[in-house]
Amino acid sequence: MKKLLEFLIRKRHWFLFILLEVVSLALVYRNNAYQRNIILSSANVITGHIASTSGYVTSYLNLREINKELLERNGQLELELLELRDRLDMMTADTVTFAGFAPDSTEQFPYSFVMAEVVNNSVSHLSNYITVNKGRKDGVAPDMGVVSERGVVGIVSTVSDHFAVVIPLLNPKFRLSCKVLGSSYFGSLSWNGRNAQYANLDELPRHVVFDKGDTIVTSGYSAVFPAGIIVGVVSDFRKQHDDNFYSLEVKLATNFRTLNDVRIIKNYRQAEQLDVEREAKRND
Amino acid sequence: MINNLLRGLLYFVVFVLIQVILLNNIHFLRIATPFLYLYFIIKLPVGTSQTQVVFFSFLIGLVIDMFSNTPGMHAAACTLAGFSRRPLIRFFMGKDLPEGIYPSYKTFGYGGFFRYVLSFVIIQHVTLFLIESLTLFDPLFLALRVCASVLMTTLLICTVEAFNVESQKSGE
């Protein structure tokens, strides 16, 4: 203790020196705007750097949310587009037939979307299935169409409370009514069971004019998908053996290997349409 | 003792006045300002305790700051310089100096006094200008200013020392 005190007294000019330096620097800092700005701004450089780094990291963490929002928005816009296109088609059709037609303002576009996330997926089996995380509680029912942001995915087959199983295009059980964009003739699309990128469009009449690279869209006849949703593009075609139909190889627009977010299409008139069709068949 | 104190006070007042009235207005080519007031610290008696030297250095720096509206800058630089005064004297002149003598040409010799003044001024000026600019924004210009001011201050201090009647008497 005594030694410590002695040491402190012997070195007292050190303490005085440090004290006075601190006082001077405090004065510099307090009274000179320039130095204060410099110190604050170099502090800002550091804090700004840290903030931007953490922002950079957290922006990655938030990408999921942002992506979901964007998909949601994209879905809304696509829905709007389909609705407007539908209305436009109706109007052009009406102007041809009867110019004085006033469309019913209570008429609603019969489709709406439910966003869902893929929780299970396969592309390598012969019959592939996709499981998504939306179910009966979210208003999903069997026979609803499923699309990704790129194009058609499949049809809901089984539904539980919180999950739904989708039969994708990559399943031989699923046949989709399609047409070449710009023509009204339709064919039936099915998977060839080999490559997850390609499917075959059969039963397309021979006189339909098309070329490689033409877009294949849904026909809208099935009550599952609205007309005009992209399925893929023509990559190759050849005549079928019975010589009356073309068989087209279609490169699918949806990449099933990286499928993550999908939209389930609700069509509240689907039941009605199916009822009518069933009745027509029974009467036949 | 009383004599010493009075002499110190006189030095203090005279050189602070010269500094703030005359020399603070000199900005030679806008780069160099002589800081003659350091002469006060340089001329403190050799035996003065470190505590006193540091304290007086801080005090004169603070007074200069008050007059030249640069609170703290001169005080910080002078405190550091004052703190390094005894090590400098020991380094250049050795430990065997008699206590109580004033640093001058006679006591230190021309070369010794000049080296002592130069190193002291360099320490003070580098600190001062670094605190003033605080960034190495324009390092060449900063170095130029420091060198020019060091040159002017040293020159002025040596000149004043050469004409100082008192030190010629007391050195004997």
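Residues numbered from 1 in each chain as written. Chains lettered and ligands numbered in written order. Predicted model: local features only at pLDDT ≥ 70, side-chain atom pairs only at ≥ 80, totals over all residues. Heavy atoms only, no water.

J.: If you had to explain the overall build of chain A to someone new, which residues and values would you point to?
T.: Across its full length, chain A holds 4 helices and 12 strands. Looking at chain A as a whole, 36% of its 284 residues qualify as buried. In chain A, the proportion of contacts linking residues at least 24 apart, taken out of those at least 6 apart, comes to 59%. Accessible area of chain A: about 17,400 Å², with a carbon and sulfur share of 57%. (Helix = DSSP H or I, 4+ residues; strand = E, 2+ residues; numbered from the N terminus. Buried < 20%, exposed > 50% of the residue type's maximum accessible area, 1.4 Å probe, protein only. Contact = heavy atoms within 4.5 Å. Areas by Shrake-Rupley, 256 points an atom, 1.4 Å probe, with all protein chains shown as cover.)

J.: Can you break down the environment of A:Ser148 residue by residue, with the values?
T.: Residue and element names in this part refer to chain A. Considering the arrangement of structural elements, one finds serine 148 in the loop between strand E3 (145-147) and strand E4 (152-159). Distance in space between the C-alpha atoms of serine 148 and methionine 115 is 9.6 Å, their sequence separation being 33 residues. Sequence-distant contacts of serine 148, defined by excluding residues within four places in its chain, comprise Val153, Thr254, Leu259, Asp261, Val262 and Arg263. A distance of 3.1 Å separates the side chain of serine 148 from the backbone nitrogen of arginine 150, its partner in a polar contact. (Polar contact = N/O pair within 3.5 Å; in protein donor to acceptor, adjacent residues only side chain to side chain.)

J.: Tell me about the packing of aromatic side chains, and please be specific about residues and values.
T.: What the rule picks out here adds up to 18 aromatic pairs over all chains. Members of the aromatic cluster, each reached through a chain of ring pairs, are B:Tyr105, B:Phe108, B:Tyr110, B:Phe113, B:Tyr116 and B:Phe120. The ring of A:Phe113 carries the charged tip of A:Arg263 above its face, separated from the ring centre by 5.1 Å. The ring of B:Tyr11 carries the charged tip of B:Arg7 above its face, separated from the ring centre by 4.4 Å. (Phe/Tyr/Trp six-rings, centres within 6.5 Å; stacked < 30°, edge-to-face > 60°. Lys NZ or Arg CZ within 6 Å of the ring centre and 35° of its normal.)

J.: Hey, could you go over unusual backbone geometry for me, with residue numbers and the actual values?
T.: All names here are of chain A. A positive phi angle is found at aspartate 143, which is not glycine, with a value near 75 degrees. In this structure, aspartate 143 sits in the loop between strand E2 (130-132) and E3. Positive phi, close to 65 degrees, is recorded for glutamate 203, a residue that is not glycine. Tracing the chain through its elements places glutamate 203 in strand E8 (residues 198-205). Residue classification places glutamate 203 among the partly exposed residues on the basis of a relative accessible area of 42%.

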